[in-house]
Each structure stands twice: as structure tokens, then as C-alpha cells.
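Descriptive structure summary
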Amino acid sequence: MGVEIDQVQALVAIVRGGGVTRAAAALHVSQPAVSRRLHLLEQELGAPLFERLRKGVILTEAGRAFLPHAEALLASMRDGAEAVRALEGADRGAITLALVGTLASTALTARLQAFRDGCPHVQLRLRTALSAEVSGLVRRGDATLGLRYGADEGGELVSATLHEEPRLVVCSPRHRLARARPARAVTPAMLKGEPWIGFPTRPDGAEEAYASLPHCLATCGLGGAEIIGIDSLTAQKRMVEAGFGLALLPESSVGEELRTGTLRRLDVPAMRVTIPVVLIHRRRAYLSAATRRLMALLAAKPSRKERT
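Everything numeric in this text was worked out from a predicted model, so none of it was measured.

This part takes up the packing of helix H2 (residues 20-27) against helix H3 (residues 31-45). Contact geometry for H2 and H3: axes closest at 8 Å, N-to-C directions at 105°. Relative to H3, the element H2 is oriented roughly perpendicular. Side by side, H2 and H3 meet where Val20, Thr21, Ala23, Ala24 and Leu27 of the first sit next to Gln31, Val34, Ser35 and Arg37 of the second. Here the contact of H2 with H3 is composed, by residue class, of five nonpolar, three polar and one charged.

Looking at the second largest pocket, its volume works out to about 680 Å³. Leu74, Ala75, Arg78, Gly141 and Asp142 are the residues nearest the centre of the second largest pocket, which is lined by 30 residues in total. Mapped onto the lining of the second largest pocket, the elements with two or more residues apiece are helix H1 (5-17), helix H4 (61-86), strand E3 (93-99), strand E4 (122-128) and helix H10 (289-299). Each residue belonging to the lining of the second largest pocket can be placed in one class, and the counts come to 14 nonpolar, seven polar and nine charged.

Before going further, it helps to examine a nonpolar patch on the surface. The grouping of Ile5, Leu73 and Met77 at the surface amounts to a nonpolar patch, some 240 Å² of accessible area in total. Along the chain, isoleucine 5 falls in helix H1.

Of the positions making up helix H6 (residues 131-140), those classed as buried are Ser131, Val134, Ser135, Gly136, Leu137 and Val138. For H6, the elements touching its buried residues are E3, E4, strand E5 (145-149), strand E6 (157-171) and strand E11 (273-282).

Grouped burial of nonpolar side chains is what soluble globular proteins tend to show. By size, the foremost hydrophobic cluster in this structure holds 32 residues, and its most contacted members are Phe115, Leu147, Leu294 and Leu298. Sorting the residues of this core by element identifies E3, helix H5 (106-118), E4, H6, E5, E11 and H10 as the ones contributing at least two each. Contacts of leucine 298, omitting those with residues within four sequence positions, involve Leu97, Leu108, Arg111, Leu112, Leu147, Leu162 and Leu279.

Right, let's talk about the environment of aspartate 152 for a bit. Of note, aspartate 152 is situated in the loop between E5 and E6. The exposure class of aspartate 152 is buried, given its relative accessible area of 12%. Contacts of aspartate 152, omitting those with residues within four sequence positions, involve Ser135, Arg139, Leu157 and Ser159. Within the structure, aspartate 152 has its side chain in polar contact with the side chain of arginine 148 (distance 3.5 Å).

A word on unusual backbone geometry. You will see that histidine 28, though not glycine, has its phi angle at about 60°, which is positive. Structurally, histidine 28 can be placed in the loop between H2 and H3. You can call histidine 28 exposed: its relative accessible area is 73%.

Before going further, it helps to examine the state of the cysteines. Scanning all chains against the criterion turns up zero disulfides. With no disulfide partner, cysteine 216 has as its closest neighbouring cysteine sulfur the one in cysteine 220, 4.7 Å distant. The class for cysteine 216 is buried, based on a relative accessible area of 7%.

Turning our attention to the pattern of salt bridges. By the definition in use, this model includes 14 salt bridges. In this structure, the salt-bridge partner of glutamate 257 is arginine 238, at a minimum N-O distance of 3.0 Å. Of the two residues, glutamate 257 sits in helix H9 (residues 255-260) while arginine 238 sits in helix H8 (residues 233-241), which places them 19 residues apart along the sequence. Among the residues examined, glutamate 257 registers a relative accessible area of 10% and is labelled buried. By relative accessible area, which is 36% here, arginine 238 ends up partly exposed. Each member of the salt-bridge network shares a partner with another, and the members are Arg16, Glu71, Arg140 and Asp142.

Rules used throughout
- Residue numbers restart at each chain and count upward from 1, following the sequence in its written direction.
- Selection of residues for local features in this predicted model requires a pLDDT of at least 70, selection of side-chain atom pairs for listing and counting requires 80 or more, and totals for whole chains, interfaces and linings are taken over all residues.
- As a convention, hydrogens and water are excluded, and side-chain values are obtained from all of the structure's heavy atoms.
- Only the stretch in contact is used when a helix axis is fitted, and all axes are lines through C-alpha atoms; the angle between N-to-C directions ranges over 0 to 180 degrees.
- Numbering of helices and strands starts at the N terminus; helices are DSSP runs of H or I of at least 4 residues and strands are runs of E of at least 2.
- Any angle between 65 and 115 degrees counts as roughly perpendicular, while under 35 counts as roughly parallel, over 145 as roughly antiparallel, and the rest as oblique.
- Residues count as neighbours in contact if any of their non-hydrogen atoms are within 4.5 Å of one another.
- Amino acids outside the nonpolar list (Ala, Val, Leu, Ile, Met, Phe, Trp, Tyr, Cys, Pro) and the charged list (Asp, Glu, Lys, Arg) are all regarded as polar, and Gly is one of them.
- Think of a 1 Å grid over the protein atoms and nothing else: a 1.4 Å probe that fits but is trapped marks a cavity, an open set flanked by protein within 12 Å on at least five of seven lines marks a pocket, and residues with an atom within 4 Å of a point count as lining.
- Grid points are joined across faces, edges and corners, and a volume is the space filled by probe spheres set on the points.
- For patches, a residue must show more than 30% relative accessible area and have no salt bridge; joins then use 9 Å for like charges and 5 Å for nonpolar side chains, namely Val, Leu, Ile, Met, Phe, Trp and Tyr.
- Only the protein chains shown count as covering a residue, and every accessible area follows the Shrake-Rupley method with a 1.4 Å probe.
- For this analysis, a salt bridge means a side-chain nitrogen from Lys or Arg found within 4 Å of a carboxyl oxygen belonging to Asp or Glu.
- Any residue under 20% of the maximum accessible area for its type is buried, any over 50% is exposed, and the rest in between are partly exposed; the area is computed with a 1.4 Å probe on protein chains only.
- In this text, buried Ala, Val, Leu, Ile, Met, Phe, Trp, Tyr and Cys residues form a nonpolar core when linked through side-chain atoms within 4.5 Å.
- Pairs of N or O atoms within 3.5 Å make up the polar contacts considered here, provided that, within protein, one atom can donate a hydrogen while the other can accept it, and that residues adjacent in sequence are counted only when both atoms are side-chain atoms.
- Cysteine sulfur atoms that come within 2.5 Å of each other are treated as a disulfide pair.

Any functional reading would require information that these geometric values do not contain.
Right, dumping it as C-alpha cells:
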């Protein structure tokens, strides 16, 4: 008989919904229909794909092995549909861009607006996530393109570095070093005892643009510095403005505050670090003309206006 596409859809829907009930709602079918599709799929594969628990279901080893292939199949089906629609010759449909939230700078939003103006019939959807999650969304076909920090080493994705994002040490304008005249380079020894504002350490160890703050401090001899964990970039900036500590933040995320003077940059040569900003897509994905146009806009060198 073979594996049927609706059986694969049922499996993926159960995983994403956390159970048969939500899967049925997502697929607009009855719960017994979803259960039957799953049963037929398990029969075809010769192994149970879920372990039934009181509070839901979890994937078995066989389920975990099959899931990436199931997601790739559904993504490929969507690619095929996009390729057929492209034969009409008009830029239509939808493009989903997944990105790390700290990359949503004024320069990026201006480029996205330019894309929308140039492709008014294409729906541009945005999703924010951590770098590893951005890769997952693209790999599963839930996002067409992804903007993340650092290249993805998985073979299923194509990574292209757009630029190196500098990270800056910032402080309150009332900080003792911000008031020093004349402005001078700051040594690590001058930062002894200073608290820092950063993202909380993730239990899964996922790396992000800001995740190397402890490593950077340790490299500078400041490994014992206090780090106050704040899980919002906006909240971090407000905390620094209020004088609760220093922060090491992406340059694109603090441009407005530096221009208005609510934050000040400290020149710390020992902490001049950059991290690559990378555009990713699935290796075998169908890339429409509109998608390639968006990729070109994202990859273009910054204009003089964007650099100021």
C-alpha cells in the first residue's frame, strides 16, 4: 500500500500539537480519522511512532528517526506547489522569514519594507526565534528563509554570511567611565567589580550572539563578574540606562540609544568582538523569484544612510 501523504501530515500535526486532539483541529478532521492515519502509518513502517502517556504522547525512537524525513517530505510538497504557482509568472503567495529578534534593526526593517513595496502581492510573514530554532523552522519548511547568528553546520541548509555584527560595550551616560574626559580606551582592570546585564544561560546550552558574554569576560580576566540575567533585549537596555550594569550588545540593536545619548559606548579593545549574521535556506528548496529578490535585498551592502 505504501505511506500516504495524509498519514505523514497526521504524524507531524500530532508532534506540533502535542496530541491527537489539536492535530485533528489543525487538519480539520475528526480525532478518529487522525488516529486511524497514524495507525496505518505505524503498520506500514512496522514500528510504533508514539508512546501513549496519561498527559499526551511522546515520540518513540522510531518516531524520532522518521520525523525529519516526514517534515522534509511535507516541505518538498510545498516547494512543488510553489513551483507550479510560479508558472503563472506573477510574484504571489507568501514568504516566511524567521530571524533572531535582536537582528530586527531599523536598517533591516527598511529593507523588508522595500521588499513589500516592490512585491505588493507577496505576503511577507516574520517569525522570531533563537538561532537554533530559526534553523529548525527553515529545515522543517515552516520558514522559507532564516536570519541567524553563526553558520548552521547541518548539511540540509545552505548558509551565506551577510556581514559580521560588532558587539559593543555600553553603559549609562551617568556611569563614571562615560563621564571621563577625554574619552579613552578602557582596560579590563578598570571594569573590575562592575555588574553586567545579559541573557540568562539557557539550560540546553544553545549558543546565541550574546551567549559568549561569560566567555568574553573570562578571556579578559573578568570571569568572576556578576551577570544579571534578563531575557528581553529591550529590558536589558533599559536596565543599563538606569545604571544597573554594563552590557555587551549587538551594534544594530543600540543605534537609536547611542544617537539619542541614553546609552554610551565604552571603547574596550579587549572586548572588540564580532559574530557572523547568516542567511539560510534549505538546500533543495524551491526559491521563487520573489524569494531571490528578498535574499538579494538582505545581502546587499549597507548604504551610507544605514551606516550612519
